[in-house]
Amino acid sequence: MPKRILTGKVVSSNSNKTVVVNVVRRVKHKLYKKIINRSKKYHAHYEDGEFKIGQIIKIQETRPISKLKRWRVI
């Protein structure tokens, strides 16, 4: 089964080896048929490299690394 890849914006990079990525997806409202934005934050793991707030990065689904981290930065 292929692993999911999401694209999002870095919201926080204060933690050691962890970044928080906000992923926005566009969905159609069931009743009103209007396109609305839904967003969700994901905690992603990375070994090295510095990410600035506002950068666009890709994350990939992986095995559980900690309580909150199930994604890693590509």
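Quantities reported herein were computed from a predicted structural model and do not represent experimental measurements. (Residues numbered from 1 in each chain as written. Predicted model: local features only at pLDDT ≥ 70, side-chain atom pairs only at ≥ 80, totals over all residues. Heavy atoms only, no water.)

Novice: When you look at the pairing of strand 4 (residues 56–61) in this model, what are you seeing that I'm missing?
Specialist: The side chains of a regular strand alternate between both faces of the sheet. Relative to strand 4, strand 1 (residues 5–12) runs antiparallel, the two being bridged by five bridges. Of the residues in strand 4, the one forming a bridge with G8 is I57. Alignment of strand 4 against strand 5 (residues 71–73), held across three bridges, turns out to be antiparallel. Directly across from E61, in strand 5, lies its bridge partner W71. (Pairing = 2+ DSSP bridges. Helix = DSSP H or I, 4+ residues; strand = E, 2+ residues; numbered from the N terminus.)

Novice: How do you make sense of the packing of aromatic side chains when you look at a structure like this?
Specialist: Summed over the entire model, instances satisfying the criterion amount to two aromatic pairs. For the pair Y46 and F51, a centre-to-centre distance of 5.1 Å together with 85° between the ring planes defines the contact as edge-to-face. F51 carries the same exposure label as Y46, and that label is buried. (Phe/Tyr/Trp six-rings, centres within 6.5 Å; stacked < 30°, edge-to-face > 60°. Buried < 20%, exposed > 50% of the residue type's maximum accessible area, 1.4 Å probe, protein only.)

Novice: How should I be thinking about the environment of I5 in this particular structure?
Specialist: On the secondary structure map, I5 appears in strand 1. Of the residues examined, I5 reaches a relative accessible area of 48% and is grouped as partly exposed. The spatial distance from the C-alpha of I5 to the C-alpha of W71 is 9.1 Å, given a sequence separation of 66 residues. In contact with I5, not counting residues within four places along its chain, are K58, I59, Q60 and I74. (Contact = heavy atoms within 4.5 Å.)

Novice: Any chance you could explain the side chain of K69 here in plain terms?
Specialist: Relative to the assigned elements, K69 resides in the loop between strand 4 and strand 5. Of note is the side chain of K69, whose polar atom sits 3.5 Å from the backbone oxygen of K17. If sequence neighbours within four positions are ignored, K69 has contacts with K17, T18, H43, A44, H45, R63 and P64. (Polar contact = N/O pair within 3.5 Å; in protein donor to acceptor, adjacent residues only side chain to side chain.)

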